[in-house]
Amino acid sequence: MTQELLLDTAERLFAENGIYAVSNRQIADAAGQGNTAVVGYHFGSRIDLIRALVRRFHQGIEPTRELMLSDIRGSTQVRDWLECQVRPITARFDELGSPTWFARFGAQLISDPELRDILYEESWQDSPSLQQTLDGLLKCLPFLPSQVQPERTDCAMFLIIQMCAQRERALADGRPLIRATWSEMTTGLVDALVGVWTAPVTPA
């Protein structure tokens, strides 16, 4: 299918070369498409293409997270909700096999103020289960001031994406890994996120 081929190609080129360094013509050429306008035909603007990539990834992990949610519903344990946030993501990377490119692509999005908004919008919009994990998590942390909650959310998302990107890059380059498997990496990452969410809050 042409759209899937273009998405695969764009994701790879964005991850390897940078979002702003890759043109629609380069994506079309790398995908073996003779029509250099094919990316615009299928996706419209560059922003629409980026949205489609984020949407595709989250739709791919949604079924796994929904299954996990059914197992932990009503839990009062912070770790359960964080596992439910993170493990479907890392399990997807593991399922796809190396090399993958979405984490490195996502790391660029979260580091760019304009693109970060797109990442957040599509992530929450296309993954209702993600919002449910956040709601469940916050119920476990009634002491956390409302103004601190978005700050911790930002910290957590940044850490998840950057740690996945670091591992993805190491796998692609054949460099040594801190943890042998995605599952082991997830355990360590969730440990760190428990610390982020339960860290003390300095009084204003």
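Just above sits the structure.
**Side note on the packing of helix α4 (residues 46-72) against helix α6 (residues 102-111)**
Part 1: Packing of α4 against α6 leaves a shortest axis separation of 12 Å and a crossing angle of 125 degrees. Between α4 and α6, the interaxial angle falls into the category oblique. Two packed elements cross with a definite hand, and for α4 against α6 that hand is left-handed. In this structure, α4 uses Ile50, Leu53, Val54 and Phe57 to contact α6, whose residues at the interface are Phe102, Phe105 and Leu109.
Part 2: Its residues assigned to classes, the contact of α4 with α6 comprises seven nonpolar, no polar and no charged.

**Considerations on the side chain of Thr153**
Part 1: Within the fold, Thr153 resides in helix α9 (residues 149-173).
Part 2: Among the residues examined, Thr153 registers a relative accessible area of 14% and is labelled buried.
Part 3: When neighbours within four sequence positions are excluded, Thr153 is seen to be in contact with Trp124, Leu134 and Trp197.

What counts and how
Residues numbered from 1 in each chain as written. Predicted model: local features only at pLDDT ≥ 70, side-chain atom pairs only at ≥ 80, totals over all residues. Heavy atoms only, no water. Axes fitted to C-alpha atoms, helices over the stretch in contact; angles between N-to-C directions. Helix = DSSP H or I, 4+ residues; strand = E, 2+ residues; numbered from the N terminus. Parallel < 35°, antiparallel > 145°, perpendicular 65-115°, else oblique. Left-handed = near helix turned anticlockwise from the far one by under 90°. Contact = heavy atoms within 4.5 Å. Nonpolar A, V, L, I, M, F, W, Y, C, P; charged D, E, K, R; others polar. Buried < 20%, exposed > 50% of the residue type's maximum accessible area, 1.4 Å probe, protein only.

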